[in-house]
Amino acid sequence: MQIIKQCMFWHWRLSSVLVAAHILFFSGSTLAQDLTPRLTQVSEGEAQITLDGRLDEAVWQRVPAIDGMRVISPDTLAETSLRTDTHIFYTERGIYVGVMNHQDPGTLVARMTSRDTRLERDGFVINIDPSGEGLYGYMMRVNLGGSKTDGTILPERQINLQWDGSWVAETSPVDGGWVAEFFIPWTMMALPGVSGDSRRIGIYTERQVGHLNETWSFPPLPTTVNEFLSAYYKFELDAVEPRAQLTWYPYLSASHDGIRDDSDLRAGLEVFWRPTTNTQLSASLNPDFGNVESDDIVVNLTAFETFFPEKRAFFLEGQDVFNTSPRNQSARGPGGPTTLLNTRRIGSAARFDVPSGVSTIATDVSAPSDLLGAAKFTGQNGNWRYGTLLASEDDSDIRGIAPDGSRVKIEAEGRDFSVGRLLYEDTAGGGRRSIGWMGTSVSHSEIDAVVNGVDMHYFSADARWVVDAQAVHSDVDGVSGQGAFADIIFQPIRGRQHRVAAGYHDDKLELNTLGFLTRNDLMHLDYNYTRNESNVEGLLSRSTSIFNFNQWNSNGDFVRQGIFATREYTFLNNHSMLASARYYHRRIDDRLGRGSGDYYVPGRWQFVFGWDTDPSQTLVYSFDLDANTDDLGERNTTTSAGVTYRPVDNFSLQAEAAYTDREGLLVYRGNGRYTSFEATQWSPKVTLNYFINARQQIRLGVQWTGLKAFENKFLQVNPDRIEELHEVAKPNATSDDFSISRMTFQARYRWEIAPLSDLFIVYTRGGNLPGNTFDDYTGLLQEAWSEPVVDTLVIKLRYRFGS
C-alpha cells in the first residue's frame, strides 16, 4: 500500500508539470524562457470585476483554468470525483480568484458561522506565499454562504487564525455547482523588495466538499507530509509596487455598567502605515482593548496558570514576526504554550497592594488596565525580518472599604512593555535555515524584567527533517534564569512521523512577566510516533499515536511520566471514534503544596473514549467518556455529550454538557495540610447563532460551571522526606466544604459594515457566587444569574478608512 501511495505522489508531480505547461501556454510564456509559469496580468480598467459570486465578466473566460487537485483528506492522493476550475489573475491593485466548483446542487452544504470557525461544509481556500520562498503566507477561505476564515502562516504549517485581513469574497450557488470569487489587495500583504522587474509568489488552493467529508488541494499537500508552505506552486509576475498604504480605524464605544450604574464613552484611533511594500508601522492612540468576546469559564484548582489566547485586533496584526517557535501557539512541550511574548499580559490586571483589613470588589481588582498607547513596527530587508512592539499602561485606582467603614483609594502604577525581534532566514539550495533573537522588557517600580532568547530552525531539502530550538535567559529583579528546548521531527515516509521534544528550564527561569511558561525547574524528554492510514477496508481513515513523556525537576524526581496509546477512526458514513489508554507512572508532586513539601502520587490508568456523528448532517451528536483517577487513587470520571442542530444554513443551536464525579479532589489548605473532597461538577454550555445575512450575526451564548465539594479526608505532607500523603484527624471544627458557581451570558449583534469595519452591540452578564453558597445545581445557576458581578452593555463602532 505504501508503494502505491508513493507512486501516486510521483504521479502528482508529473501532473503538476503538465498543469504548469498548460498555464505557460495560455499566458504566452515558453518553457525555454522560464520554467516558472507567469500569472496572468490584466489592467484594473480592463478587468471591470463586480464581486458578486458570479463569473459572468469577460475576463474570466480569457484566464486559463487550473485544476490538478487531489484528495488529501482522507490521505489517498486519489483523483477527485468532481472538477474544480480555478481562474487567477492579477492587476496593479491585487489578485482576483474565480472558482467554479462543479457539484450536484442537491448535495451542497452551506453553513453560516462566525469568522474563523472550523466546520465541515463546502468551502474554497486560496493561500498565498508573497515571499515565494516559503517564509510566510496568508490563508483565505470562503464557505458557501459567505462565511470566512483567514489567518497567517509560518513555516511549515503554523497557522494563526487570530489574524483578519482586508480581502473580500462572495459566493453563490449556480447550475452545476457553486462559485467563489475573491479579491485580495496587495496592500494587505507584506511584499519583499525585489531587485529586478519580476517577483515570485507561491499559491495553494484547497476545496472542502462537505457531503463527502473530503478535502482536495493543488498542489496536494496532506498533513501527513512535512512540506506545506515551501511547497506551494510558484508563479512569476511583474514586480508590482503598490502605493504606500495608510489605513486608520477610528473607534467610538459607549458602555454602561449595571452593577455600578455607571456609563463611559470612549473614542480613539488605530493607524496602520505601510510606507513600503515590506514595512509597516502601527500605532494605537487612546486604545480601547476591551473584548467583545468573552473567554471560556475555567475552574482551575491547580498550582498552574491557565493560558488564554489573544483576541485584540491591534496585537494580532503583524504579530507573526514575533513567533519564535511552534511551541508559541500549541502545547508541544509540558503544559501550555511556551513563549517569550504573551500579549494578554499587556493591559492585564494591575498590581494592587491592598492594605490589610481593606475589603475590595473582586472584579475591580481583576479588571484589565487601561493603556495610554501602543506602537509596533515590522519589516523585511533581504533575508532579514525585524519588529518592535512598545506599549504603556495607565495608572489604575480602585475603591476599598476600611474596617471603620470609610472609603479608601488604592492606586497601582502602570507598566511599560517593550519587545524587539530580529530574524535571518536562508532558503538557498533548498530547505530552510533560520536564526533569530527576541528580547522583552517590563518596567515598573516593583519589577524590572528582561528576557532574551535565541531561536534556530532547520527544514531539510528533502522535507524529512524539521528542527526547532530555542535558548532563553531571564533577569527579573537581578535573579537570572536559563532554559533551552528543541523539537525534532523525522518523517521517513508519508503518513509516518517520529517526534522528539526535549527541554531544560532551571528553577530561576521566569518568563511570565510578559511571556508564558507553565512551570520552571523542569527537564523533559518526550517521544511521539504517529501513523496515518487511508484506504483501510471499511474505513475512510485511521490514525495511531504512541506518546511517551518523561519530565523531572532539578532534584531528579519525576513530576510527570507515562505513556499514551491512541486510535482514531473515521468510518465510511463520516462518523468518527477515538479510543485512548493512558498510564501515568508513580511521580512526585512538587507544586500543589506551594513549597511546604513534596509527596508521592501513585501510578494510575486513564481511559478516554469519544464518538462523533457525521458533521455535515442537520443533527450532529457527540459523546465522550473520560475514566480517570485522582492523585490519591480515587475515581474521577467525566461524561460529556453534545448536540448541534442546523435546520437551515443561517441558524444553528449547539448544546453541550459535562458531568464530573470525583471521589478524591485534592485541595491544598496551607501549612502542609490538604483536604480530599467528594465533588461533583456540572458544566453546560448553549450557543445560538442566527445570521440575517453573511455580514450580520446575532449570537446568544450561556456557559455555567457549578461544583460542590464535601470534605472526605484530611491529609498532611511530611516536610522532612518524600512519601505519600498520610491521613490525619480533622484539624478543626470548621467545615472545608465549598462550592463554585460561575456563569457567563453574552448576547451579541455584529454587523460587518465593510472589510474590517464592524458595529458591535454586546450585553454581558456574569455571576460568581461565594464559595459557601450551597443549594441544588438548579438553585446555584439561578443565583449566579440573579446575583451578577458583571452586567455590562457595550456599543462599539470601528470603521476602516484609507487605502
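Residues numbered from 1 in each chain as written. Predicted model: local features only at pLDDT ≥ 70, side-chain atom pairs only at ≥ 80, totals over all residues. Heavy atoms only, no water.

Visitor: So what about the overall build of the protein? Which residues, and what values?
Guide: Regarding its fold elements, the protein presents six helices and 45 strands. For 803 residues, the compact-globule estimate of 2.2 N^0.38 gives 28 Å, and the protein sits close to it at 28 Å. When its C-alpha atoms are laid out on the principal axes, the protein stretches across 90 × 60 × 55 Å. Put simply, the protein has 803 residues, and 52% of those count as buried. Across the protein, contacts joining residues at least 24 apart in sequence account for 61% of those joining residues at least 6 apart. (Helix = DSSP H or I, 4+ residues; strand = E, 2+ residues; numbered from the N terminus. Rg over C-alpha atoms; globule rule 2.2 N^0.38 Å. Buried < 20%, exposed > 50% of the residue type's maximum accessible area, 1.4 Å probe, protein only. Contact = heavy atoms within 4.5 Å.)

Visitor: Run through a negative patch on the surface, naming residues and quoting values.
Guide: On the surface, Asp-353, Asp-394, Asp-395, Glu-413, Asp-416 and Glu-446 cluster together into a negatively charged patch. Relative to the helices and strands, Glu-413 is located in the loop between β21 (407–412) and β22 (416–426). (Patch = residues over 30% accessible without salt bridge, like charges linked within 9 Å, V, L, I, M, F, W, Y side chains within 5 Å. Areas by Shrake-Rupley, 256 points an atom, 1.4 Å probe, with all protein chains shown as cover. Salt bridge = Lys/Arg side-chain N within 4 Å of Asp/Glu carboxyl O. Lys, Arg positive; Asp, Glu negative; His and termini not counted. Charge placed at Lys NZ, Arg CZ, Asp CG, Glu CD.)

Visitor: Hey, could you go over the confidence of the model for the protein for me, with residue numbers and the actual values?
Guide: Parts of the model with low pLDDT should not have their predicted coordinates read in detail. Mean pLDDT over the protein stands at 89; residues scoring 70 or higher make up 93%. Residue range residues 1–34 is modelled with pLDDT below 50. Its contacts to residues more than four positions away, or to other chains, number 50 contacts. (pLDDT = per-residue confidence, 0-100.)

Visitor: Just give me the short version of empty space enclosed by the protein, but keep the residues and values in it.
Guide: Scanning the model with the defined rule gives seven cavities of 30 Å³ or more in all. For the second largest cavity, the lining is made up of 24 residues, of which Tyr-138, Ala-190, Gly-318, Thr-378 and Arg-385 are closest to its centre. Those elements that place two or more of their residues in the lining of the second largest cavity are β7 (137–143), β8 (148–154), β17 (279–285), β18 (371–381) and β19 (384–393). Residue composition of the lining of the second largest cavity, by class: ten nonpolar, ten polar and four charged. (1 Å grid on protein atoms, 1.4 Å probe; cavity = no way out; pocket = protein on both sides within 12 Å on 5 of 7 lines; lining within 4 Å. Points joined across faces, edges and corners; volume = space filled by probe spheres on them. Nonpolar A, V, L, I, M, F, W, Y, C, P; charged D, E, K, R; others polar.)

Visitor: Which residues make up unusual backbone geometry, and what are the values?
Guide: Residue Pro-74 follows Ser-73 across a cis peptide bond; omega there is 5°. Following the sequence through the fold, Pro-74 ends up in the loop between β3 (70–73) and β4 (84–90). Geometrically, the link from Pro-155 to Glu-156 is a cis peptide bond, its omega value of -20° lying close to zero. Topologically, Glu-156 is positioned in the loop between β8 and β9 (158–160). A positive phi angle is found at Leu-77, which is not glycine, with a value near 55°. Not every positive phi belongs to a glycine, and Asn-213 is a case in point at roughly 55°.

Visitor: Break down the sheet that holds strand β40 (residues 723–724) for me, citing the residues and quoting the values.
Guide: Here three strands make up an open sheet; going across it, the order is β32-β33-β40 and the pairing mixed. Edge positions in the sheet fall to β32 (587–589) and β40, since each has one partner strand and no second. Here β32 pairs with strand β33 (residues 599–601) via three bridges, running antiparallel. From the neighbouring strand, Arg-587 faces β33, where its bridge partner is Val-601. (Pairing = 2+ DSSP bridges.)

Visitor: Break down a nonpolar patch on the surface for me, citing the residues and quoting the values.
Guide: Where nonpolar side chains cluster on the molecular surface, the patch consists of Trp-384, Leu-422, Ile-435, Trp-437, Val-454 and Met-456 and spans about 520 Å² of accessible area. If you list the elements that add at least two residues to the nonpolar patch, you get β23 (432–444) and β24 (447–459). Tracing the backbone shows Ile-435 in strand β23. On the accessibility criterion, Ile-435 (43% relative accessible area) is partly exposed.

Visitor: Explain the pattern of salt bridges to me, and be specific about the residues and the numbers.
Guide: Counted by the stated rule, this structure contains 41 salt bridges. Here Arg-83 and Asp-85 are joined by a salt bridge, their closest N and O atoms 2.6 Å apart. By relative accessible area, which is 49% here, Arg-83 ends up partly exposed. In this structure Asp-85 comes out as buried when scored by relative accessible area, which is 12%. Among the ionic pairs, Arg-415 bridges to Glu-393, the shortest N-O distance being 2.9 Å. Taken together, the residues Arg-415 in the loop between β21 and β22 and Glu-393 in strand β19 connect sequence positions 22 residues apart. In terms of burial, Arg-415 and Glu-393 fall into one category: buried. When salt bridges that share partners are traced, they join Arg-115, Asp-150, Asp-164 and Glu-752 into one network.

Visitor: Quick rundown of the side chain of Lys-376? Include the residues and the values.
Guide: By the element assignment, Lys-376 lies in strand β18. The class of Lys-376 is buried, set by a relative accessible area of 2%. Only 3.0 Å separates the side chain of Lys-376 from the backbone oxygen of Phe-314, close enough to count as a polar contact. Within the structure, Lys-376 has its side chain in polar contact with the side chain of Gln-319 (distance 3.0 Å). Leaving out residues up to four positions away in the same chain, Lys-376 has contacts with Gln-280, Leu-281, Ser-282, Phe-314, Phe-315, Glu-317, Gly-318, Gln-319, Phe-322, Thr-388 and Leu-389. (Polar contact = N/O pair within 3.5 Å; in protein donor to acceptor, adjacent residues only side chain to side chain.)

Visitor: Can you lay out the nonpolar core for me, pointing to particular residues and giving the numbers?
Guide: In this structure, Ile-95, Val-97, Ile-126, Phe-182 and Ile-184 are the most contacted members of the largest nonpolar core, which totals 41 residues. Going through the elements one at a time, β4, β5 (94–102), β6 (123–129), β7, β11 (177–185), β12 (198–209), β13 (214–218) and β14 (233–238) are the ones with two or more residues in this core. In terms of residue count, the dominant contributor to this core is β11 (four residues). When sequence neighbours within four positions are dropped, the list of residues in contact with Val-97 reads Trp-60, Thr-86, His-87, Ile-88, Phe-124, Ile-126, Ala-180, Glu-181, Phe-182 and Ile-184. Grouped together as the second largest cluster of nonpolar side chains are 27 residues, Val-321, Ile-346, Ile-447 and Leu-517 included. (Core = buried A, V, L, I, M, F, W, Y, C linked by side-chain atoms within 4.5 Å.)

Visitor: Give a description of helix α6 (residues 777–786) that names residues and reports values.
Guide: Three or more residues of α6 are buried, namely Tyr-777, Gly-779, Leu-780, Glu-783 and Ala-784. Seen end-on, α6 carries its buried residues on one side only, within an arc spanning 155°. Relative to its buried face, α6 has exposed residues pointing more than 90 degrees away, namely Thr-778 and Gln-782. Check the buried side of α6 and you find it contacts β38 (673–693), β39 (696–716), β42 (738–754) and β43 (757–768). (Arc of directions from axis to C-beta.)

Visitor: Talk me through the pairing of strand β27 (residues 496–505); I want residue IDs and the actual numbers.
Guide: Looking at chain direction, strand β26 (residues 479–490) and β27 are connected through eight bridges and run antiparallel. When the sheet's bridge partners are listed, Phe-490 is paired in β27 with His-498. Linking β26 back to β27 in an antiparallel pair, the connection comprises five residues, with Gly-495 at a positive phi of about 90°. The pairing of β27 with strand β28 (residues 522–534) spans ten bridges and is antiparallel. Note on β28: the bridge partner recorded for Gly-503 is His-524.

Visitor: Can you lay out the packing of aromatic side chains for me, pointing to particular residues and giving the numbers?
Guide: Here the structure, examined in full by the defined rule, presents 39 aromatic pairs. Ring geometry for Phe-710 and Phe-774: centres 5.8 Å apart, planes at 35°, overall tilted. Of this pair, Phe-710 sits in strand β39 while Phe-774 sits in the loop between β43 and α6, and the two are 64 residues apart along the sequence. Its relative accessible area of 36% is what places Phe-774 among the partly exposed residues. Cluster of aromatic residues (ring-pair linked, three or more members): Trp-60, Phe-89, Tyr-96 and Phe-183. In this structure, Arg-798 is placed above the aromatic ring of Tyr-249, and the distance from its NZ or CZ to the ring centre is 4.1 Å. (Phe/Tyr/Trp six-rings, centres within 6.5 Å; stacked < 30°, edge-to-face > 60°. Lys NZ or Arg CZ within 6 Å of the ring centre and 35° of its normal.)

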